[in-house]
Structures are given as C-alpha cells and as structure tokens.
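Architecture and fold: a report
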Amino acid sequence: IKVPYSSFSAPMPQQQLHGYIVEIIPSFIGFIISFFIIGLSWVVHHRIFGRVVNFDGGLIMLNLLLLFFIALVPFTTTLISEYGYLSESYIYYWMNVGFIAISIYFLWAHICHPKKKLAIKFEDDYQRRRVLARSLYTSIVFFLGAAFAMTRNNILQLASKYIFILLFPGMIILNKIYKTPKPRR
C-alpha cells in the first residue's frame, strides 16, 4: 500500500494539499483495512500459540503458510483501494483473506489434535469445536465473497464488497451453538 510521504517535503499551497489528500484517500483506507486484517490475524495467532506447549514440523509449515498469506495483504488491499471498481480486485482480496482464515483453521486443527500433544487441552470439547467452527466459518464467508465477485451478476458483485458483514451474525450464532453447557445441579 503506497502512501507517498516524500511529496510532503516541499511546501504546497492549501488547495494543492487538499487535492492531494483527496487523491490518497483510497490508499489510506486500504492501509486501514490492511492494518485491521493483519492486526486481527496477529491477535488470533497469539491465542493459538498461547496454548502451544510443543511443536512439530507440521506446525512450523502451517505457521509459514499463514505468514505467507498475511504478507500478501498489503498487495491485495492495494488492488481494492486502487481498482475497487473492478470485481477482479475483490476476487484476489477475498481469496487472500479466505486463505488466511483457512490457514488459521488448519493451525487450530493441528494443535488441537489430541494425539499430537502440542497444546494445553481445552477445558471442554465445546471450546475446541467452537474455535474450529469459527475459523472455518470465517474462511467460508471470505471464499463466498470471492465467488460472488466472480459472477456476472451485478447484485452478487456488489454483495461481494460487503460480504464481511456476514461474520457478525455468524459469530453470534456460533457462540450460542458452542456455548459451554452449565453443569447440572
């Protein structure tokens, strides 16, 4: 994501500065989007590795795969900030974010596997299933966004730009489904 700072070094009249700021708004919005995607991935990564007590080659490879997709975020975010009028930019962006989410799913699945003994056990099976369901649902939403962007249907292409909104009700529903049951008295 490019926000050219070097242009600020020369004095510039107020009108010219205003025009410049308006011109870079898409790049700045792209920067904000990229920051939040990377930041949320970082938080989830810390939650995952907060449970890890051991590692294996599979965990290292899955972690590198996640890092690769996170490293692509500035590139795909630049596509939507500069070419957001093209549905193809959303295909690449949602595929990128979908691969981040599915990588997180596979990381959770790998460390939660009881025979591998890589992580602190979850208090109950509901918690384990909840984290797996949430990460799988997230990836499905983003891949659905990419699929909508691939269509020739204008309504679906528009919906693809706002597909992330489905995360909120989906997470609420999943949290209710996988709520830890209270012990009977």
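About the cut-offs
Position numbers for residues start from 1 in each chain and track the written sequence from start to end. Where local features are concerned, this predicted model is filtered to residues with pLDDT of at least 70; where side-chain atom pairs are given and counted, the filter is 80 or more; whole-chain, interface and lining totals use all residues. Only heavy atoms go into the side-chain values, all of them from the structure, while hydrogens and water stay out. The way it works is that DSSP assigns letters per residue, a run of H or I at least four long becomes a helix, a run of E at least two long becomes a strand, and they are numbered from the N terminus. In this scheme, a residue with accessible area under 20% of its type's maximum is buried, one over 50% is exposed, and one in between is partly exposed, where area comes from a 1.4 Å probe on protein chains only. Whether two residues touch is decided by their heavy atoms; if any such pair falls within 4.5 Å, the residues are in contact. Working definition of accessibility: Shrake-Rupley area with a 1.4 Å probe, residue cover restricted to the visible protein chains. Aromatic rings from Phe, Tyr and Trp, with only the six-membered ring used for Trp, were paired whenever their centres fell within 6.5 Å, and each pair was classed as stacked if the ring planes differed by under 30 degrees, edge-to-face if by over 60, and tilted otherwise. To obtain each axis, a line is fitted to C-alpha atoms, and for helices this fit is confined to the stretch in contact; angles are then taken between N-to-C directions over 0 to 180 degrees. Note on terminology: angles under 35 degrees are roughly parallel, angles over 145 are roughly antiparallel, angles of 65 to 115 are roughly perpendicular, and the others are oblique. For any pair of crossing helices, the crossing counts as left-handed if the nearer helix is rotated counterclockwise from the farther one by less than a right angle, and right-handed if it is rotated clockwise. Under the grouping applied here, Gly and all other residues not named as nonpolar or charged are polar, the nonpolar ones being Ala, Val, Leu, Ile, Met, Phe, Trp, Tyr, Cys and Pro and the charged ones Asp, Glu, Lys and Arg. What pLDDT conveys is the predictor's confidence in a given residue, as a value from 0 to 100. Among buried residues, those of type Ala, Val, Leu, Ile, Met, Phe, Trp, Tyr and Cys that are joined through side-chain atoms within 4.5 Å constitute a nonpolar core. Here the expected span of a helix is defined as 1.5 Å times the quantity of residues minus one. Working definition for bend: take the seven residues up to and ending at a residue and the seven starting at it, fit an axis to each, and measure the angle between the axes.

A few words now on the overall build of the chain. Within the chain, the regular secondary structure consists of seven helices and zero strands. Secondary structure of the chain in N-to-C order comes out as α-α-α-α-α-α-α. When each of the 185 residues of the chain is scored for burial, the buried share is 35%. The contacts of the chain with a sequence gap of at least 6 include a subset with a gap of at least 24, amounting to 74%. Counting only carbon and sulfur atoms, one obtains 68% of the accessible surface of the chain, whose full area is about 12200 Å².

If you walk through the whole model with that rule in mind, you get nine aromatic pairs. On the numbers, 6.3 Å between centres and 25° between planes, the contact of F28 with F31 is stacked. A residue pair is termed a helical-turn pair when its members lie 3 or 4 positions apart in one helix, as F28 and F31 do in helix α1 (residues 14–49) at three residues. Judged by its relative accessible area of 41%, F31 falls in the partly exposed class. Summarising the aromatic geometry, the rings of W94 and F142 are spaced 5.2 Å apart at their centres and angled 10° between planes, so their arrangement reads as stacked. Of this pair, W94 sits in helix α4 (residues 87–112) while F142 sits in helix α5 (residues 125–150); the two residues are 48 residues apart in sequence, bridging distant segments of the chain. Each member of the pair W94 and F142 is classed as buried.

This part is about the packing of α4 against α5. Between α4 and α5, whose axes approach to 8 Å, the crossing angle comes to 165°. Taken together, the axes of α4 and α5 are roughly antiparallel relative to one another. The handedness of the crossing between α4 and α5 comes out as left-handed.

Okay, the packing of helix α2 (residues 57–71) against α4 next. Each packed pair of helices is defined by two parameters, the angle between the axes and the distance between the axes. Relative to each other, α2 and α4 sit at 165°, their axes nearing to 9 Å. It follows that α2 is roughly antiparallel to α4 by the angle criterion. Along this stretch, α2 crosses α4, giving a crossing that reads as left-handed. Judged by residue contacts, G58, L59, L62, N63, L65, L66, F69 and I70 of α2 engage N96, F99, I100, S103, I104, F106, L107, H110 and I111 from α4. For the contact of α2 with α4, a count of residues per class yields 12 nonpolar, five polar and no charged.

So, about the confidence of the model for the chain. The predicted model of the chain has a mean per-residue pLDDT of 87, with 90% of residues at 70 or higher. Across the chain, α2 holds the top mean pLDDT of 95, while α1 sits lowest at 85.

Our next topic: the environment of F75. Within the secondary structure, F75 is located in helix α3 (residues 73–83). Considered as a pair, F75 and S34 are 41 residues apart in the sequence and their alpha carbons are 9.2 Å apart.

To continue, consider the nonpolar core. Counting residues in hydrophobic clusters, the biggest one holds 37 residues, and the most contacted among them are W94, I100, W108 and I111. Looking at this core, the elements with two or more residues in it are α1, α2, α3, α4, α5 and α7 (167–177). Setting aside anything within four residues of it in sequence, one finds I111 in contact with I48, R51, V52, L59, L118 and A119.

We now examine α1. With 36 residues, α1 should reach 52 Å at 1.5 Å per residue; the first-to-last C-alpha distance of 49 Å fits that figure. The sharpest bend along α1 reaches about 45° and sits at I25, with the proline P26 one to four residues further on. Buried within α1 are the following residues: Y20, I24, S27, G30, S34, I37, S41 and I48. Those residues of α1 hidden inside the fold are in contact with α2, α3 and α4.

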